[in-house]
Amino acid sequence: GKRKLFRVKETEKHPRTQRGPRASRPHMPASYGILTATEGSGLLPWTWAEERLVRARNYWVATTRPDQTPHVMPVWGLWLNGAFHFATDRSSRKGRNLVLNPHAVVHLESGDEVVILEGVMKEIAEASALRQFADAYATKYDVKVSVTPKAQRTTVIFTLRPSTAYAWLESDYPGTATRWQFEK
């Protein structure tokens, strides 16, 4: 049979025994050929997705305009403390969209090693969290983001702690497609 590249540990198969997301196959039409969780390469471990979230340079953020049409933009961001973070101007389209409807989707650039996050964006307001974001952002991108109270009048730092995430390897989509559901 086919070699299993990504064996999921027992604790990852039954995450109710540990903190963290619960892994399963995503619900897809039968024509997509998704294998059962124990077939193919198996479910991807959450660490696989986190590694890609940490090392990504660009992230696509999808929001909804007031007229309910989609809006998608690439941003620089961070995977930090189990959540995605990015900065934008409060008057930007995505910034205004998120104030009205905080539900969003974040997708990495790659269509070959796919990671997609779904959840609700929240503004970071706590000073230590803002400083942690600014320090990590400066380290990753060599760009300073000001998080002073004056800067926060125009710049907002959003964070998305996923409620659901998806990932797969395009080269083995039916055998690696994984969905994680997170505790609220």
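See above for the structure.
The rules we used
Note that residues are indexed from 1 along each chain, following the sequence as it is written. Where local features are concerned, this predicted model is filtered to residues with pLDDT of at least 70; where side-chain atom pairs are given and counted, the filter is 80 or more; whole-chain, interface and lining totals use all residues. Excluded from the side-chain calculations are hydrogens and water; all other atoms, namely the structure's heavy atoms, are used. We count a stretch as a helix when DSSP gives it H or I for four or more residues in a row; a strand needs E for two or more, and each element gets its number in order from the N terminus. Relative accessibility under 20% of the residue-type maximum defines a buried residue, over 50% an exposed one, and the middle range a partly exposed one, all with a 1.4 Å probe and only protein chains included. N or O atoms closer than or at 3.5 Å make up a polar contact, with two conditions inside protein: a donor-capable atom paired with an acceptor-capable one, and, for residues adjacent in sequence, both atoms drawn from side chains. At least two DSSP bridges between two strands are required for those strands to pair.

Caption draft 1: Focus on the side chain of His85. Here His85 is to be found in strand E5 (residues 83-89). Overall, His85 belongs to the buried group, its relative accessible area being 7%. Engagement of the side chain of His85 in a polar contact is seen with the side chain of Thr159, the distance being 3.3 Å.

Caption draft 2: Representation of unusual backbone geometry within the structure. In this structure, Gln68 takes a positive phi of about 75° despite not being glycine. Note on placement: Gln68 falls in the loop between strand E2 (58-64) and strand E3 (70-76). The phi torsion at Asp142 lies on the positive side, around 60°, for a residue other than glycine. By secondary structure assignment, the location of Asp142 is in the loop between helix H4 (127-141) and strand E8 (155-169). We classify Asp142 as exposed; its relative accessible area is 71%.

Caption draft 3: Focus on the environment of Leu44. For Leu44, the location among the structural elements is in the loop between strand E1 (22-24) and helix H2 (46-55). In sequence terms Leu44 and Thr176 are 132 residues apart; their C-alpha atoms lie 6.1 Å from each other.

Caption draft 4: Structural context of the pairing of E2. Burial of E2 is one-sided: the residues Tyr59, Val61 and Thr63 facing one way are buried, the residues Asn58, Trp60, Ala62 and Thr64 facing the other way are not. Two elements, E2 and E3, share 7 bridges in a ladder whose sense is antiparallel. Note that in E3 the partner of Thr64 across the bridge is Pro70. Where E2 hands over to E3, the hairpin turn is made up of 5 residues, of which Gln68 adopts a positive phi near 75°. By the bridge criterion, 4 bridges tie E2 to strand E6 (residues 103-108) in an arrangement that is antiparallel. Bridged to Ala62 within E6 is Val105.

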